[in-house]
Amino acid sequence: MSCFNVGFSQPCCYSLLGSSTSLNRRYYGYPIRRHPKLVSNETEKFLRHTTRPQRPKTHLKVEQNSTVTTISEDSSSMESIEGDAENAAIFGVDPCLKQFKDHFNYRLKTYAERKKLIEKYEGSLESFAQGYLKFGFNRDQDGIVYREWAPAAQEAQLIGDFNGWDGSNHKMEKDEFGVWTVRIQNTGGNPGIPHNSRVKFRFKHGNGIWVDRIPAWIRYATVDHTRFAAPYDGVYWDPPPSERYEFKHSRPPKPMAPRIYEAHVGMSSSEPRISSYREFADYVLPRIKVNNYNTVQLMAIMEHSYYASFGYHVTNFFAPSSRSGTPEDLKYLIDKAHGLGIHVLMDVVHSHASNNITDGLNGFDVGQRTEESYFHTRERGYHKLWDSRLFNYANWEVLRFLLSNLRWWMDEFKFDGFRFDGVTSMLYHHHGINMGFSGNYGEYFSEATDVDAVVYMMLANCLIHNLLPDATVVAEDVSGMPVLCRPVSEGGVGFDYRLAMAIPDKWIDYLKNKKDEEWSMKEIVRSLTNRRYTEKCVSYAESHDQAIVGDKTIAFFLMDKEMYSGMSDLQPASPIVERGISLHKMIHFITMALGGEGYLNFMGNEFGHPEWIDFPREGNGWSYAKCRRQWNLVDTDHLRYKYMNAFDRAMNLLDEIFLFLSSTKQIVSSTSEEDKVIVFERGDLVFVFNFHPENTYEGYKVGCDLPGKYRVALDSDALEFGGHGRVGHDVDHFTSPEGLPGVPETNFNNRPNSFKVLSPPRTCVVYYKVEENIDVGDGEMGSEKCFDQ
């Protein structure tokens, strides 16, 4: 037995233990017929009409007079660390950080100095991040101005369809900062470069050789699919008003806790092909909405010439991937999501860039010095595991490029935030390679820390939250660096959440290596609750990382070949399928309920997609067969995939109503190794997970905080979720007081009250405290009724 309050864990030296999973991965007739009813009418009516906590009121005034919400008050809170790094608030949050005060003083001083220089020479951080209004192609009244930063170039020209690929009449001039400029005059009232025409930057480097490259700030890039291994072309994208997409919907309010649906547009079709932005918007977004996710995280949006890189080897940072459509099509998708009340996050890759010199930013590196390049030189500029280039985050123009890239996606496409990929690689000079982070603070604050990269992320988070206070920014960090998710104003790095990357590794270990009877309840809870005090996490049981070829999804681990032969509801479930569906529901739900302050699921895993992802590549004959999602499986009424999908929808709906993910009340009252039962409270809900493969417990005593009457809010054993319906949903569970009031050691499992429940094997049941005589709109929901099956 154990009892601890996750929300009030001791801050000192309490660190998330890392895993190295993410550091080694990098290459790797469709309409919906219907949306099946995923929970019963009475279940949904109950959940929809239960009184819910109110969103806390914000005291920040905002104006909506620009493409993104801007702060109307001064941002003095962001400056608080600049004058007094010695007394930064992070030291009060975690006193153990004080032994590294010299490191933090240097880090915060570097941040303050860099930000002040930007303000001095660029006006403000926000103005600095509008580099796309200066660089690349920008139209004015008389023509188009094209600028490119290439300090090592000896000569430069602009070439393209507009001049027959002859740049002799469009030579560029270089200024003292290495910026090349050319103006292309309008002709006959028309732009000198036609919309949707091809362009390239031609320059001569030190050895006298001329090379053609895609402009660094290009907003669209395409490839000739009829030619094998054809290079990409930059495309001048400036549609006339009649063709430019106009947003119809404003951004929805920021959710109290993100329930994130991680998705890849290209592989979202049920057919073996590349799907489009508009198909995803019309056919997949409704699925996300009906399953009660409030956020979609889009992968592989930034253009990448190699499809099998999953979007992580970016070639063109300002261009949406042309495989799935045009920039206007992507705007349609995001606008459609906003109309459905869904926030849209972008998987942004600023940790490295593709090594591709023909199509990507790496093509501008022609052997020049670090200060003249986007990347570090020699070994420091190359990631040996990812075969990619590494940015020089101390370079002025690199900062402009990357910060402007973030604002571009927010301004032009109205993304609501970002998931930063590869943050661990950015944080350390060793990039986390062959590092097993133990939680010792010396691993985080030393000469191995890349302070320039940390300062870039601080500037990025300051910018994002200044532009859009409701933005959500998530860090993919496996190391558990302290204060990564504390505000910049406190001396933190400024992320809102970090991914709880050790959790899926634990589930994989259990599924691969342990029999059911060997599962440790204490170890499961420890893995789920091992996160830093006051720093929020997004938990997940499996993401795209666990679904790529060479690995297995949780459903595949549990049921393997039976997923192809035993999923018909027209025959009794085999023991393997019964166990698999039960544990699939339990693993995902306990991860959501106990693992963090947000939750993430990868596209298709909500219904136990039976196949891994394998992008077309030479090794599989360039096949799209496993680069898709088989929606027909969950839409077919006689297949059992619908049960896992229904439970996914219900557990998301439970949070929508009770807001337990955003609650700071997280108390584990029992982890019984003998019973294989875990009992905990999140908010005012009581969760009972019985992992025992055989034992049913009648009259099982569970502790709780509040006295009163409890009923079932969610039951994985319900018939609608493929269970056996063994738990009565109309049963009232009355509490009994335990021990002396205010003396926890005399209570039951340190809880002042208790009630008794029925707990069947391999089930999870959630109980809520009944409020008498709640008005549900079409009648009174009093003490006699919760919901019926």
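Residues numbered from 1 in each chain as written. Predicted model: local features only at pLDDT ≥ 70, side-chain atom pairs only at ≥ 80, totals over all residues. Heavy atoms only, no water.

### Things to note about the sheet that holds strand β29 (residues 697–704)
Moving on, step 1. Spatially, the three strands line up as an open sheet ordered β29-β33-β32, and their pairing is antiparallel. The open sheet is flanked by β29 and β32 (736–737), the only strands paired with a single partner. (Pairing = 2+ DSSP bridges. Helix = DSSP H or I, 4+ residues; strand = E, 2+ residues; numbered from the N terminus.)

### So, the nonpolar core
Moving on, step 1. Phe280, Phe420, Tyr456 and Phe589 are the most contacted members of the largest nonpolar core, which totals 202 residues.
Moving on, step 2. No other element matches the 13 residues that helix α10 (residues 451–467) contributes to this core.
Moving on, step 3. Setting aside residues no more than four positions away along its own chain, Phe589 makes contact with Phe647, Met651, Leu654, Phe660, Phe687, Phe689, Leu714, Cys764 and Val766.
Moving on, step 4. In terms of nonpolar packing, the next biggest core, distinct from the first, is built from 15 residues, Val679, Val686, Tyr710 and Val765 among them. (Core = buried A, V, L, I, M, F, W, Y, C linked by side-chain atoms within 4.5 Å. Buried < 20%, exposed > 50% of the residue type's maximum accessible area, 1.4 Å probe, protein only. Contact = heavy atoms within 4.5 Å.)

### Some points on the packing of aromatic side chains
Moving on, step 1. Counting across every chain of the model gives 63 aromatic pairs.
Moving on, step 2. Summarising the aromatic geometry, the rings of Trp519 and Phe691 are spaced 6.0 Å apart at their centres and angled 50° between planes, so their arrangement reads as tilted. Here Trp519 is found in the loop between α11 (502–513) and α12 (521–529), whereas its partner Phe691 is found in the loop between β28 (685–690) and β29, with 172 residues between them in sequence.
Moving on, step 3. Taking NZ or CZ as reference, Lys552 lies 5.9 Å from the ring centre of Phe556, over its face.
Moving on, step 4. The ring centre of Phe748 lies 4.6 Å from the NZ or CZ of Lys701, which sits over that ring. (Phe/Tyr/Trp six-rings, centres within 6.5 Å; stacked < 30°, edge-to-face > 60°. Lys NZ or Arg CZ within 6 Å of the ring centre and 35° of its normal.)

### Description of the environment of Met346
Moving on, step 1. Relative to the helices and strands, Met346 is located in strand β17 (residues 343–348).
Moving on, step 2. Distance from Met346 to Val474, taken between C-alpha atoms, is 10.0 Å for residues 128 residues apart in sequence.
Moving on, step 3. Apart from the residues lying within four places of it in its own chain, the contact partners of Met346 are Leu298, Ile301, Met302, Trp409, Phe415, Gly417, Phe418 and Arg419.

### So, the UniProt feature "active site" (unreviewed entry) in the protein chain
Moving on, step 1. Mapped onto the present numbering, the UniProt feature "active site" (unreviewed entry) falls at Asp421 and Glu476. Annotated residues spanning 56 residues; largest pairwise C-alpha distance 5.4 Å, indicating a single compact cluster.
Moving on, step 2. Secondary-structure assignment places Glu476 in the loop between β22 (472–475) and β23 (497–499).
Moving on, step 3. Take Glu476: its relative accessible area is 2%, and that puts it in the buried class. (UniProt positions renumbered as here; feature names shortened; annotations may be inferred.)

### What about the sheet that holds β22?
Moving on, step 1. Spatial ordering of the closed barrel is given by β13-β14-β17-β21-β22-β23-β24-β25, a layout of eight strands whose pairing is parallel. Mean inter-strand twist for the sheet, computed between neighbouring axes without regard to direction, equals 30°.
Moving on, step 2. As paired strands, strand β13 (residues 259–264) and strand β14 (residues 295–299) are joined by five bridges and run parallel to one another. Along β14, the bridge assignment pairs Ile260 with Thr295.
Moving on, step 3. Sheet contacts for helix α6 (residues 277–290): β13 and β14; angle to β14, the most-contacted strand, approximately 135°. (Axes fitted to C-alpha atoms, helices over the stretch in contact; angles between N-to-C directions.)

### Things to note about the packing of helix α7 (residues 327–339) against helix α8 (residues 396–413)
Moving on, step 1. The geometry of α7 relative to α8 is characterised by a closest axis approach of 10 Å and an angle of 75° between their N-to-C directions. One element, α7, and the other, α8, form an angle in the roughly perpendicular class. Side by side, α7 and α8 meet where Pro327, Leu330, Lys331 and Ile334 of the first sit next to Trp409, Glu412 and Phe413 of the second. (Parallel < 35°, antiparallel > 145°, perpendicular 65-115°, else oblique.)

### Some thoughts on the pairing of β28
Moving on, step 1. Of all six residues in β28, six are buried, a share of seventy percent or more.
Moving on, step 2. By the alternation rule, side chains of β28 split into Leu685, Phe687 and Phe689 and Val686, Val688 and Asn690, which are all buried.
Moving on, step 3. The pairing of strand β27 (residues 677–682) with β28 spans six bridges and is classified as antiparallel. Note that in β28 the partner of Glu681 across the bridge is Val686.
Moving on, step 4. Between β27 and the antiparallel strand that follows it, β28, lie two residues; Gly683 among them carries a positive phi value of about 65°.

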